[in-house]
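# Secondary and tertiary structure notes
Residue-level listing of the chains:
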Amino acid sequence: LLGGLIQVEGANGRLFLNSSRGQSWDLTENSFDGSIPVAGEKKVVVKFSNGAFEISTSEDSQFLWDCRAGGFRSTLNPTINSEGVSLDLRGLLWTKCQLRVPKNTEFLIEGSNGNFEFEKPFFNITANLANGNISILPDSDKKYRYDLSVVNGKMDSFVSSNRPEAFSINIHLKNGRINREK
């Protein structure tokens, strides 16, 4: 269709978009999941373009992901290095994931457009987002040290702790809202 810009494979139910720059995207929705152990106080890094993420604490030392995505044909696997685990989702048009992060790790997530829901995190968070909404449901039995900023938008108030055992929550949002769930 449209001189080859749109291709439809009717038998497989697949739709492809081709750009003038030679890029193409498979718009079929795919699912992928997995887990990987994260030793000690290593980092877990997630990078994406467009996505929605529900993020909570894992019951063990495993980093778990359960995702749906559009814009790729095969499973994505994390990379492992001396600093920890990295899951790069930037090549996808969109993602929707449930992530479980091990306790006491450093969790970094960054992307362009998204929604994050942090539920009772028992880990340190660094989140950088250009556009979107971020919800935080703190655990009432844990202490948190907040460093939050929104350039254009709104932010609820958060009570920060100076205790050494407090989990660090660093979130920087350009456009959107940071909510405190109760």
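To keep things clear, this report deals only with the structure shown in the data block.

Cut-offs and rules
Residues numbered from 1 in each chain as written. Predicted model: local features only at pLDDT ≥ 70, side-chain atom pairs only at ≥ 80, totals over all residues. Heavy atoms only, no water. Salt bridge = Lys/Arg side-chain N within 4 Å of Asp/Glu carboxyl O. Buried < 20%, exposed > 50% of the residue type's maximum accessible area, 1.4 Å probe, protein only. Disulfide = S-S within 2.5 Å. Helix = DSSP H or I, 4+ residues; strand = E, 2+ residues; numbered from the N terminus. Phe/Tyr/Trp six-rings, centres within 6.5 Å; stacked < 30°, edge-to-face > 60°. Lys NZ or Arg CZ within 6 Å of the ring centre and 35° of its normal.

Take the pattern of salt bridges next. By the definition in use, this model includes four salt bridges. A salt bridge links Arg 90 to Asp 88; its shortest N-O distance comes to 2.7 Å. Judged by relative accessible area, which is 45%, Arg 90 ranks as partly exposed. Note that Arg 163 is salt-bridged to Glu 165, the shortest N-O span being 2.9 Å. The class of Glu 165 is partly exposed, set by a relative accessible area of 46%.

All right, on to the state of the cysteines then. All told, the structure shown has one disulfide when counted by the stated rule. The disulfide bridge from Cys 67 ends at Cys 97, spanning 2.1 Å between sulfur atoms. Its S-S torsion of approximately 115 degrees makes the covalent link between Cys 67 and Cys 97 right-handed. You can see Cys 67 sitting in strand S7 (residues 62-70) and its partner Cys 97 sitting in strand S10 (residues 94-101), a full 30 residues away along the chain. Taken individually, Cys 67 and Cys 97 each receive the classification buried, so the pair is uniform in this respect.

Attention shifts here to the packing of aromatic side chains. Per the counting criterion, the structure on display carries eleven aromatic pairs. When the centroid spacing of 6.1 Å and the interplanar angle of 65 degrees are considered together, the rings of Phe 53 and Phe 116 count as edge-to-face. With a gap of 63 residues between them, Phe 53 in strand S6 (residues 50-57) and Phe 116 in strand S11 (residues 106-119) connect regions that are remote in the sequence. Taking relative accessible area as the criterion, Phe 53 reaches 2% and is therefore assigned buried. Centroid distance Phe 107 to Phe 123: 5.9 Å. Interplanar angle 70 degrees. Geometry classified as edge-to-face. Residue Phe 107 is located in strand S11, and its partner Phe 123 is located in the loop between S11 and strand S12 (124-137); the two are separated by 16 residues in the primary sequence. According to the relative accessible area criterion, Phe 107 is buried, its value standing at 1%. By way of ring pairs, the aromatic residues Phe 48, Phe 53, Phe 107, Phe 116, Phe 118 and Phe 123 are connected into one cluster. Its guanidinium or amino end placed over the ring of Phe 122, Lys 142 lies 4.7 Å from that ring's centre, counting from NZ or CZ.

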